[in-house]
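Remarks on the overall topology
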Amino acid sequence: MLYRKSFPSVTIQIRYVYNAEMTETQINLIVLYCSDVSACREFYRTLGLVFERERHGSGPEHYAATLAGGAVLELYPAGGREVTGRIRIGLTVYHGDFDLPLEPGNHVLRDPEGRTIDIHVAERTEPAIMIYTALAASIIGKDVAATVESFPSGAVVIDIRVDGHHASIAGKPGDAEWGVSVDPLQEQGFTGHEKVVSSAEEALAVIRDVLRTADAGQ
């Protein structure tokens, strides 16, 4: 797949559950065959997608947009192919980052060719970053280096480094499952968190206790 430099703040909605059994398979490409590519491109552009014109070899000219997370949505002229008909696509967008006057919440739209598009309009989540950074400092200690990443779906990933140790937490506010790992073996790759607890506070306390035990044993 070609590298594309445009990464708008639009994500495909996928319910993400943190556990050791989840598959590592990801959706990386969706292709819509359109009878009117220009009209469809304009519709998806109003939702914040940034398209680039492409042509692969002797194939038809088409448009591609890379979403947050790396998935690609391509719009192809149907030509002699059947137009992509009944399909439902879910997109999450940030309020204020697109042209349609939609308020935060869930909306159902149809593209120019009748395809159903579920839109979740999310508020900007910088406050969550501040909240979890402060929480990490209060539970583990002020010297902790915490990097917090918050996603339009509401999911939060907290990366913590302190005294040569590395820990990671992932979960979603309001959910009862937060994954936590401390000093994972990098050569094994990520296969799921070592432990699942019921809150971010409990996950941070797990990290604190593991680090205290590790320091006591030195």
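Preceding block: the structure.
Overview of the structure.

Rules and cut-offs
- Positions within a chain are numbered from 1, following the residues in the order the chain's sequence is written.
- Reporting in this predicted model follows two pLDDT cut-offs: at least 70 for local features of residues, and 80 or more for side-chain atom pairs to be given and counted; totals over whole chains, interfaces and linings ignore these cut-offs and use all residues.
- Heavy atoms throughout the structure, all of them, feed into the side-chain values; hydrogens and water do not.
- Secondary structure elements follow DSSP: runs of H or I no shorter than four residues count as helices, runs of E no shorter than two count as strands, and numbering proceeds from the N terminus.
- Remark: exposure states derive from per-residue accessible area (1.4 Å probe, protein chains only) relative to the maximum for the residue type, with buried under 20%, exposed over 50%, and partly exposed in between.
- Contacts were defined at the residue level, with two residues in contact if any of their heavy atoms lie within 4.5 Å.
- Surface accessibility in these figures is a Shrake-Rupley result with a 1.4 Å probe; residues are shielded only by whichever protein chains are displayed.
- When DSSP finds two or more bridges between a pair of strands, those strands are recorded as paired.
- Axis geometry follows a simple rule: fit a line to the C-alpha atoms, using only the stretch in contact for helices, then measure angles between N-to-C directions, giving values from 0 to 180 degrees.

Attention shifts here to the overall build of the protein. Check the secondary structure of the protein and you find three helices and 13 strands. Buried positions account for 41% of the 218 residues belonging to the protein. Considering only contacts within the protein whose residues lie at least 6 apart along the sequence, 55% involve residues at least 24 apart. Accessible area for the protein stands at about 12,500 Å²; split by element, carbon and sulfur atoms hold 51% of it.

Spatial strand order, 9-10-11-12-13: five strands in an open sheet with antiparallel pairing. The open sheet has two free edges, formed respectively by strand 9 (145–150) and strand 13 (195–197), since each of these has just one partner strand. Going from strand to strand, the sheet's axes swing by 20° on average, the running direction of each strand aside. As judged from the four bridges shared by strand 11 (residues 165–171) and strand 12 (residues 178–182), these two strands associate in the antiparallel manner. What sits directly across from Ser168, in strand 12, is Ser181.

Through backbone hydrogen bonds, the strands of a sheet pair up, either in parallel or in antiparallel fashion. Ordered by their spatial adjacency, four strands build an open sheet running 2-5-4-3, and the pairing between neighbours is mixed. Both edges of this open sheet fall to strand 2 (29–34) and strand 3 (52–54), since each of them pairs with a single strand only. Geometrically, the sheet is characterised by an average inter-axis angle of 25° between neighbouring strands, direction not taken into account. Looking at chain direction, strand 3 and strand 4 (residues 62–66) are connected through three bridges and run antiparallel. Bridge pairing in strand 4 links Arg53 to Tyr63.

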